[in-house]
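Okay, here's what each chain looks like letter by letter:
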Amino acid sequence: MRADLETRSIGVRVVCDGISLRGKTSLRTESQNIVKTKSGPISIFLFCVYYQNRQMQIRLLIIFLSLQMVLPSCRKNDSASSTIQGDDCNTVTGLNHGNIIPDQFIVAYRENQSGSLTLARSQGDAMQILKKYRLTETSLVQFISGRNPGMVVKANSEQLQLLRADPTIESVESDRIVSLSTCFTIVSPRLITWNIQRVGYGDGRGKTAWIIDSGVDLDHPDLNVDLARSRSFLSGQSSPEDMNGHGTHVAGIIAAKNNNIGILGIASEANIIALKVLDNDGEGTLSAIQAALGYIEQNAVPGDVVNISLGLEGISDFLDQRVIRMANRGILFSIAAGNESKSAINYSPARANGPNIFTVSAVDSLNRFASFSNFGNDVIDYAAPGVRILSSFTDGRYAIMSGTSMAAPHVAGLLLLNGNKLNSAQTAKNDPDGVADPI
């Protein structure tokens, strides 16, 4: 990751008029005040200085170059940035994204037919399996609850084969790194932004959104966070407080309050439950996402909405199937399509299909398909604003970010307001798969 420079200053255009010099007229000089370079825009200010003597009047033009550093913003590389607007950068995957964690596996038991969702059952089953295959308690990394409970374990190749052959175990898959590289620009808020006007908004009070992300700014004045039910699923981090900003930005799009500060969310004042699976650097694990989903399955009710603005590098059948099973029970999902400019069918959980699951691509303010957005009508249901989106940020601030991570919460907000009955009046322009996504 490298630092680039952005500026949001508004400069002045200066014109020096033509003058007469020894009987000849000089050219009129006019210059814009913004010049863009690879490392950022440079503001050029032109000043006219007059010098006069008895023979002639000379107008001198002195150019001052002023590089204004307002805020460093991070990009993984130039190619990851959206080409829709030159000074944009979007949320992309981090360097470690998709890496397999050596000798660490997610073990899923077969679905509990009794319907019990207790963590005690998960723990009891885990201890029996550990004992059966002579795995020490130090091999246990994490419990996973829900109707498909499981655990995360450290195991060697011999133990792995035994686990996969166990008839009480549905699946065993390698744990992997999930990582986001977040790019943002801190700005002043505006109450009703273009994207909210485009999508629509309403009163979300009494509705609940579960946000699987980097946590949420728990005391942000523009958010209604359910502290009692919010959780962290990161080892060594008990607080769901957002130290990255990505999750807080998602939360604001969904449910920023209808007040006289900040911005307005799609389903204003809805309850936000922060489920932290990404750390300060935007890095987490597949197993943490699974644990968060298990927690939702224990505590959510039909009509609740889950926003997942993250995903894997590749496919996890266990993750996809868990999302599908939960959706079949009336939990609504809004999932980011991904920012690789590739087919979304190759990424979990964006590839999950079924009733109550909505995978979302991104468009800009002119309805143009975002260059970074994944595509594919086999899994993508809707497009939503995802370029230069203003929303809440850490420490009570507000920031602009881009990505399908920003598009998905627009749909999440609409799901809170309307259930799974969504409407569309426009379509995305230049959709690379040839069939325009409805907006």
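Each chain has its residues counted from 1, following the order in which its sequence is written. Selection of residues for local features in this predicted model requires a pLDDT of at least 70, selection of side-chain atom pairs for listing and counting requires 80 or more, and totals for whole chains, interfaces and linings are taken over all residues. For the side-chain quantities, the full set of heavy atoms in the structure was used; hydrogens and water were omitted.

Enquirer: Account for the overall build of the protein, naming residues and giving values.
Expert: Secondary structure elements follow DSSP: runs of H or I no shorter than four residues count as helices, runs of E no shorter than two count as strands, and numbering proceeds from the N terminus. Regarding its fold elements, the protein presents 7 helices and 27 strands. Relative accessibility under 20% of the residue-type maximum defines a buried residue, over 50% an exposed one, and the middle range a partly exposed one, all with a 1.4 Å probe and only protein chains included. Here the protein holds 439 residues, and 53% of them are scored as buried. Contacts: residue pairs with any heavy atoms within 4.5 Å of one another. Within the protein, residue pairs in contact and separated by at least 24 positions form 73% of the contacts whose partners lie at least 6 positions apart. Accessible surface computed for the protein: about 19,300 Å², of which carbon and sulfur atoms make up 51%. Each accessible area is a Shrake-Rupley result for a 1.4 Å probe, and residues are judged covered by the shown protein chains and nothing else.

Enquirer: An account of the side chain of Arg 325 is requested, with residue identities and associated values reported.
Expert: With respect to the helices, strands and loops of the structure, Arg 325 is situated in helix α6 (residues 317-328). Exposure remark for Arg 325: the relative accessible area of 17% places this residue in the buried category. Discounting chain neighbours no more than four positions away, the residues touching Arg 325 are Glu 111, Asn 148, Glu 170 and Phe 318.

Enquirer: Outline the sheet that holds strand β27 (residues 398-401), supporting the account with residue identities and numerical values.
Expert: Note on pairing: DSSP must find at least two bridges between two strands before they are called paired. With antiparallel pairing, the 3 strands of this open sheet are ordered in space as β15-β27-β26. Every other strand in the sheet has two partners, leaving β15 (185-186) and β26 (389-392) as the edge strands with one partner each. The pairing of β26 with β27 spans 4 bridges and is antiparallel. The partner of Leu 390 across the bridge, within β27, is Ile 400.

Enquirer: Now, about helix α4 (residues 246-255): what can you tell me, with residues and values included?
Expert: Most of α4 is tucked away: 10 of the 10 residues are buried. What α4 keeps buried is the set His 246, Gly 247, Thr 248, His 249, Val 250, Ala 251, Gly 252, Ile 253, Ile 254 and Ala 255.

Enquirer: Any chance you could break down the packing of α4 against helix α7 (residues 404-418) for me, citing the residues and the numbers?
Expert: Where α4 meets α7, the axes come as close as 8 Å, and the angle between the chain directions of the two elements is 40°. Viewed along their axes, α4 and α7 adopt a mutual orientation that is oblique. Note that α4 runs across α7; the crossing there is right-handed. Together, His 246, His 249, Val 250, Ile 253 and Ile 254 of α4 and Ser 405, Met 406, Pro 409, His 410, Ala 412, Gly 413 and Leu 416 of α7 make up the contact between the two elements. Residue type decides the class: Asp, Glu, Lys and Arg count as charged, Ala, Val, Leu, Ile, Met, Phe, Trp, Tyr, Cys and Pro as nonpolar, and the leftover types, Gly among them, as polar. Among the residues forming the contact of α4 with α7, the class breakdown is 7 nonpolar, 5 polar and no charged. Axis definition: a line fitted to C-alpha atoms, over the contacting stretch in the case of helices. Angles run 0 to 180 degrees between N-to-C directions. Angle categories are assigned with fixed cut-offs, so that under 35 degrees is roughly parallel, over 145 is roughly antiparallel, 65 to 115 is roughly perpendicular, and the rest are oblique. Left-handed describes a crossing whose near helix is turned anticlockwise from the far helix by less than a right angle; the clockwise case is right-handed.

Enquirer: Outline the pattern of salt bridges, supporting the account with residue identities and numerical values.
Expert: Salt bridge criterion: a side-chain nitrogen from Lys or Arg within 4 Å of a carboxyl oxygen from Asp or Glu. Tallying each qualifying case throughout the model produces 11 salt bridges. Close ionic contact of Arg 176 with Glu 173 constitutes a salt bridge, the shortest N to O distance being 3.8 Å. Judged on exposure class, the residue Arg 176 and its partner Glu 173 are both buried. As a salt-bridge pair, Asp 364 and Arg 368 come within 2.7 Å of each other at their nearest N and O atoms. By relative accessible area, which is 34% here, Arg 368 ends up partly exposed. Overlapping salt bridges bring together Glu 297, Arg 322 and Arg 329 as one network.

Enquirer: Summarise the sheet that holds strand β23 (residues 332-336); cite the residues concerned and give the values.
Expert: Read from one edge of the open sheet, 7 strands run β18-β20-β17-β22-β23-β24-β25, paired in parallel fashion. With partners counted over all chains shown, the strands left at the sheet margins are β18 (231-232) and β25 (380-385), one partner each. Sheet topology places strand β17 (residues 208-213) next to strand β22 (residues 305-308); 4 bridges connect them, and they run parallel. If you follow Ile 212 over to β22, its bridge partner there is Ile 308. Relative to the sheet, helix α5 (residues 286-299) contacts β17, β18, β20 (271-276), β22 and β23, its axis offset from that of β17 by approximately 165°.

Enquirer: Could you give me a rundown of α7, with the residues and numbers involved?
Expert: Taking 1.5 Å as the rise per residue, α7 with 15 residues should run 21 Å; its terminal C-alpha atoms sit 21 Å apart, in good agreement. In terms of residue burial, α7 counts as a mostly covered element, since 13 of its 15 residues are buried. Backbone geometry just after α7 places Gly 419 at a positive phi near 70°. Expected span of a helix, by definition, is 1.5 Å for each gap between consecutive residues, and there is one gap fewer than residues.

Enquirer: A description of the packing of aromatic side chains should follow, citing residues and the corresponding values.
Expert: Each Phe, Tyr or Trp ring (for Trp, its six-membered ring) is paired with any other whose centre lies within 6.5 Å, and the angle between the two planes then decides the class: stacked below 30 degrees, edge-to-face above 60, tilted in between. Tallying each qualifying case throughout the model produces 3 aromatic pairs. Here the aromatic rings of Trp 210 and Tyr 295 are separated by 6.0 Å at their centres, their planes lie at 75°, and the arrangement is edge-to-face. Here Trp 210, found in strand β17, pairs with Tyr 295, found in helix α5; they are 85 residues apart in sequence, far enough to count as distant. A relative accessible area of 0% places Trp 210 in the buried class. Judged by relative accessible area, which is 10%, Tyr 295 ranks as buried. Through successive ring pairs, a cluster of aromatic residues spans Trp 210, Phe 233 and Tyr 295.

Enquirer: A description of the side chain of Asn 339 should follow, citing residues and the corresponding values.
Expert: Among the structural elements, Asn 339 can be located in the loop between β23 and β24 (357-363). Since its relative accessible area comes to 14%, Asn 339 is described here as buried. Here a polar contact is recorded for every N or O atom pair within 3.5 Å, except that within protein the pair must consist of a potential hydrogen donor and a potential acceptor, and residues adjacent in sequence are included only if both atoms are side-chain atoms. A distance of 2.8 Å separates a polar atom in the side chain of Asn 339 from a polar atom in the side chain of Thr 404.

Enquirer: Describe the pairing of β27, with residues and values.
Expert: On a regular strand, each side chain points to the face opposite its neighbour's, so the side chains alternate between the two faces of the sheet. A two-sided burial pattern is seen for β27, the buried positions comprising Tyr 398 and Ile 400 on one face and Ala 399 and Met 401 on the other. In terms of strand pairing, β15 meets β27 through 2 bridges, oriented antiparallel. Following the sheet pairing, Thr 185 is matched in β27 by Ile 400. Taking the residues that link successive antiparallel strands as the turn, the β26-β27 hairpin has 5 residues, and the phi of Asp 395 there is positive, at about 60°.

Shape descriptors only; they carry no functional weight alone.
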